[in-house]
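Fold and geometry: a report
Here's the letter readout for the chains.
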Amino acid sequence: IKSNTFNGCSLLNRINIPSSVTSIGDGAFKGCSSLTEIIIPSSVTSIGSYAFNGCSSLTEITIPSSVTAIKSDTFNGCALLNQINLHSSIKRIEKNAFYKCSSLKQITIPSSMTSIGYGAFNGCSSLTEINIPSTTTSIRANTFYNCSLLKQITIPSSVTSIGDNAFYGCSSLTEIIIPSSVTSIGNNAF
């Protein structure tokens, strides 16, 4: 599915992607505000940036094991997205991937994850718990900015830096243990 194919199709509410599709281009479903359900076949190996940006009615999505990265702004503005299933094949979550997914309550980050981008969960105000795998070396700026219901987080000993505003506005966070491996904590981190 090429870039921007269904961009702005605000009345599109459901689509079946055939198993012949191997990639979903940048912005392919951007602004499809009525899209509630989408099944991505296991033939898909790449999902582009902004692919589902602004799909404000999307509630659940399963990313097939053939995909290795959640690109920049892929689910930005998917306010009703409350469940996402990530397979162990995912190695990167890029910047603002889940920005303002305000209904997202829980996400399990696979142990294969090597990089969580800037602002990846910024504005996920319903997120209560998240695990950071031991393969992660830094928590970047704005990663959990305004995750106001986040109560618990464990920072693994692999993390060496916590960026600016990383946990800014996490008003429900009552306890956090910072491992001795952390050598720098940014401005307004907490």
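For the structure, see preceding data.
Residues numbered from 1 in each chain as written. Predicted model: local features only at pLDDT ≥ 70, side-chain atom pairs only at ≥ 80, totals over all residues. Heavy atoms only, no water.

What follows concerns the sheet that holds strand β13 (residues 152–154). Spatially, the three strands line up as an open sheet ordered β9-β11-β13, and their pairing is parallel. Strands at the two margins of the open sheet, each flanked by one partner only, are β9 (106–107) and β13. Where β9 and strand β11 (residues 129–131) come together, two bridges link them in parallel fashion. Directly across from Gln106, in β11, lies its bridge partner Glu129. (Pairing = 2+ DSSP bridges. Helix = DSSP H or I, 4+ residues; strand = E, 2+ residues; numbered from the N terminus.)

With that settled, the discussion passes to empty space enclosed by the protein. To find leftover empty space, a probe the size of one water molecule is rolled over the atoms. Under the defined criterion, the tally for this structure stands at one cavity of 30 Å³ or more. Ile116, Ile132, Thr136, Ser138, Ile139, Arg140, Thr143 and Phe144 are the residues that line the largest cavity. Across the lining of the largest cavity, the residue classes break down as four nonpolar, three polar and one charged. (1 Å grid on protein atoms, 1.4 Å probe; cavity = no way out; pocket = protein on both sides within 12 Å on 5 of 7 lines; lining within 4 Å. Points joined across faces, edges and corners; volume = space filled by probe spheres on them. Nonpolar A, V, L, I, M, F, W, Y, C, P; charged D, E, K, R; others polar.)

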